[in-house]
Amino acid sequence: MILILEANVDEQSPIFQQLLTHLRGLSGIHFRVHQEQGAEQVLSEIYLIGDTKQLRIEDMEALPGVGRAIRVSREYRMLGRHNDDQRGNGFEYNGVRFSQDTLHVFAGLCAVDTHEHVEQMLRALQENGQVCTRMGAYKPRTSPYAFQGHGKSCLPWVFDLAGKYGIRVIAMEILHEAHMDEIREALEKTGHPTGVMLQIGTRNTQNFELLKAVGRQQELPVLLKRGFGITLEESLNAAEYLASEGNTKVVFGLRGMKTNLGDPHRNFVDFAQVPVVKRLTRMPVCIDPSHSVGSRDAGPDGIMDVFHVTAQGVVAGANMILVDFHPDPATALVDGPQALLLKELPWFLEDVRLARETYEERKLLATAQAPI
Ligand code: PEP
Ligand code: MN
């Protein structure tokens with residue numbers, strides 16, 4: 001059960017203390033307090049865990065400071081949608097709003113390589129009105145002999161360049177909790193010229209200790225990618241690990257499943273599940289067409305598969321697109337064959353705009369139908 005407290009009932013207030021005293025007296029129930037600083041007010045929620053069947057909604061709503069009580073009808077207590085749950089969704093980070101209604105493109109380098117390439121990429125983004133990017137500093141590689149990413153040494157200059165070109169959010173994968181600390185330290189040292197969304201990659205979706213560590217901080221939002229060999233439900237539970245530790249600023253990423261049934265694509269494209277994730281949870285949904293498709297192959301219509309699957313995800317309501325670009329893919333240290341060229345950026349963005357417009361029209365069409 002979730003208790004949503006009245007606005008501005010903070011931990012110091014006597015009402016809050018009174019409420020906690022009451023909750024401590026309930027047998028077979030333990031609870032966890034979650035507080036979030038909204039734009040104007042502090043929002044507090046208390047998650048009751050255990051034998052909550054014995055509790056009546058009316059009784060809980062009558063407790064001091066409680067605005068509403070919601071019986072959790074499904075799994076994913078914190079990130080899920082529940083019956084009678086009118087809580088909003090999404091969050092704002094560094095001036096950018098992420099929700100199930102917004103759409104942001106994170107075009108950028110799979111892996112940071114040279115200063116010049118990063119600068120060319122960021123300049124192209126600014127010229128095309130973009131404020132988000134992807135930049136890999138820590139790379140999970142299949143072979144221990146392959147390039148592992150520049151790691152923390154590149155962070156200061158990447159952040160400074162991002163600030164110079166007006167980038168507000170960089171999606172950056174981490175493989176270990178120490179990487180999160182390195183990122184926060186570098187942001188601090190450079191004076192926060194930009195922001196970072198921590199990315200948990202598909203190989204770490206069920207690295208529960210990493211999830212808990214990342215969930216314990218609320219400063220940086222998280223992009224959690226689905227695991228490529230586990231069910232959607234298992235991946236959504238992984239997202240819940242982040243929230244249960246305190247960080248609800250979570251975006252869920254679809255990036256394809258590892259199976260030969262999707263050949264010749266690198267992974268079996270799973271963007272049909274965009275509406276499923278939006279229905280089951282309140283998380284914004286990201287698609288990664290580059291790691292799903294894995295090539296620059298095009299159809300006889302001259303449209304690359306990467307563009308086609310992006311459009312499919314956006315037409316279905318995706319909220320974020322992670323996509324690999326590179327100024328010179330032949331020299332890219334990671335994933336060059338799937339990178340789009342900088343001159344293709346305006347084309348890609350226009351294709352996304354068309355797909356998004358179609359999604360908006362499809363929503364209007366659905367709203368205009370008589371209820372069944
Ligand atoms: C990436 O985005 O660079 C990446 C490694 O993705 P994934 O975890 O989906 O393989
Ligand atoms: Mn990659």
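This structure is a prediction, so every number in the text was calculated from the model and none was measured.

## Some words on the coordination of the manganese ion (ligand 2)
- Only Cys-110 (SG), His-291 (NE2) and Asp-335 (OD) from the protein coordinate the manganese ion (ligand 2), and they sit 2.0 to 2.3 Å from it.
- Judged by its relative accessible area of 19%, Asp-335 is buried.

## Focus on helix H7 (residues 232-244)
- With 13 residues, H7 ought to run about 18 Å at 1.5 Å a step, and its terminal C-alpha atoms sit 18 Å apart, in line with that.
- For H7, every residue scored as buried is listed here: Leu-232, Ser-235, Leu-236, Ala-238, Ala-239, Glu-240, Leu-242 and Ala-243.
- Here the buried face of H7 lies against helix H6 (208-215), strand S11 (222-225), strand S12 (250-254) and helix H8 (274-280).
- Immediately beyond the C-terminal end of H7, within one or two residues, lies Gly-246, with a positive phi of roughly 130 degrees.

## Notes on the side chain of Glu-240
- By the secondary structure assignment, Glu-240 is in helix H7.
- In this view, Glu-240 contacts Tyr-76, Arg-77, Met-78, Leu-79 and Gly-80; residues no more than four positions away in its chain are not counted.

## Examining the site of ligand 1
- Near ligand 1 the following residues occur: Cys-110, Arg-134, Lys-139, Glu-173, Gln-199, Gly-201, Thr-202, Arg-203, Lys-225, Arg-255, Asp-288 and His-291.
- Lys-139 is positioned such that a nitrogen or oxygen atom in its side chain is 2.9 Å from an oxygen atom of ligand 1.
- Here an oxygen atom of ligand 1 sits 3.3 Å away from a polar atom, N or O, in the side chain of His-291.
- Protein contact buries 97% of the 300 Å² of open area that ligand 1 shows by itself.

## Quick look at the packing of aromatic side chains
- Considering all chains together, one arrives at six aromatic pairs under this definition.
- Aromatic pair Phe-208 and Tyr-241: ring centres 4.5 Å apart, planes at 25 degrees, arrangement stacked. Of the two residues, Phe-208 is situated in helix H6 and Tyr-241 in helix H7; the sequence distance between them amounts to 33 residues.
- For Tyr-241, a relative accessible area of 29% translates into the label partly exposed.

## Description of the environment of Gly-67
- Its place among the elements puts Gly-67 in strand S4 (residues 66-70).
- Placed 61 residues apart in sequence, Gly-67 and Glu-6 show a C-alpha to C-alpha distance of 4.8 Å.
- Once residues lying within four places of it in the same chain are set aside, the contact partners of Gly-67 are Ile-4, Leu-5, Glu-6 and Glu-61.

## Some details on the sheet that holds strand S1 (residues 2-5)
- With antiparallel pairing, the four strands of this open sheet are ordered in space as S2-S3-S1-S4. Edge strands, defined here as strands with exactly one partner in the open sheet, are strand S2 (29-37) and S4. Looking at each pair of strands side by side, their axes are set apart by 20 degrees on average, direction ignored.
- Pairing analysis gives four bridges linking S1 to S4, with the strands arranged antiparallel. Within the sheet, the bridge partner assigned to Leu-5 lies in S4 and is Val-66.

## Observations concerning the environment of His-326
- Secondary-structure assignment places His-326 in the loop between strand S14 (320-324) and helix H11 (345-367).
- The exposure class of His-326 is buried, given its relative accessible area of 4%.
- Sequence separation between His-326 and Ala-339 is 13 residues; the distance between their C-alpha atoms is 5.7 Å.
- Setting aside residues up to four positions removed in sequence, His-326 forms contacts with Leu-109, Asp-113, His-117, Thr-331, Ala-332, Ala-339, Leu-340, Leu-341 and Leu-342.
- Among the polar contacts listed, one links the side chain of His-326 to the backbone nitrogen of Asp-328, at a separation of 2.8 Å.

## Quick look at the pairing of S1
- Neither face of S1 is open: one carries Ile-2 and Ile-4, the other Leu-3 and Leu-5, and all of them are buried.
- Relative to strand S3 (residues 42-50), S1 runs antiparallel, the two being bridged by three bridges. Note on S3: the bridge partner recorded for Ile-2 is Tyr-47.

The rules behind these values
- Residues numbered from 1 in each chain as written.
- Chains lettered and ligands numbered in written order.
- Predicted model: local features only at pLDDT ≥ 70, side-chain atom pairs only at ≥ 80, totals over all residues.
- Heavy atoms only, no water.
- Donors = N, O, S within 2.8 Å, 3.2 Å for Na, K, Ca; no water.
- Buried < 20%, exposed > 50% of the residue type's maximum accessible area, 1.4 Å probe, protein only.
- Helix = DSSP H or I, 4+ residues; strand = E, 2+ residues; numbered from the N terminus.
- Expected span 1.5 Å × (residues − 1).
- Contact = heavy atoms within 4.5 Å.
- Near = heavy atom within 4 Å.
- Polar contact = N/O pair within 3.5 Å; in protein donor to acceptor, adjacent residues only side chain to side chain.
- Areas by Shrake-Rupley, 256 points an atom, 1.4 Å probe, with all protein chains shown as cover.
- Phe/Tyr/Trp six-rings, centres within 6.5 Å; stacked < 30°, edge-to-face > 60°.
- Pairing = 2+ DSSP bridges.
- Axes fitted to C-alpha atoms, helices over the stretch in contact; angles between N-to-C directions.

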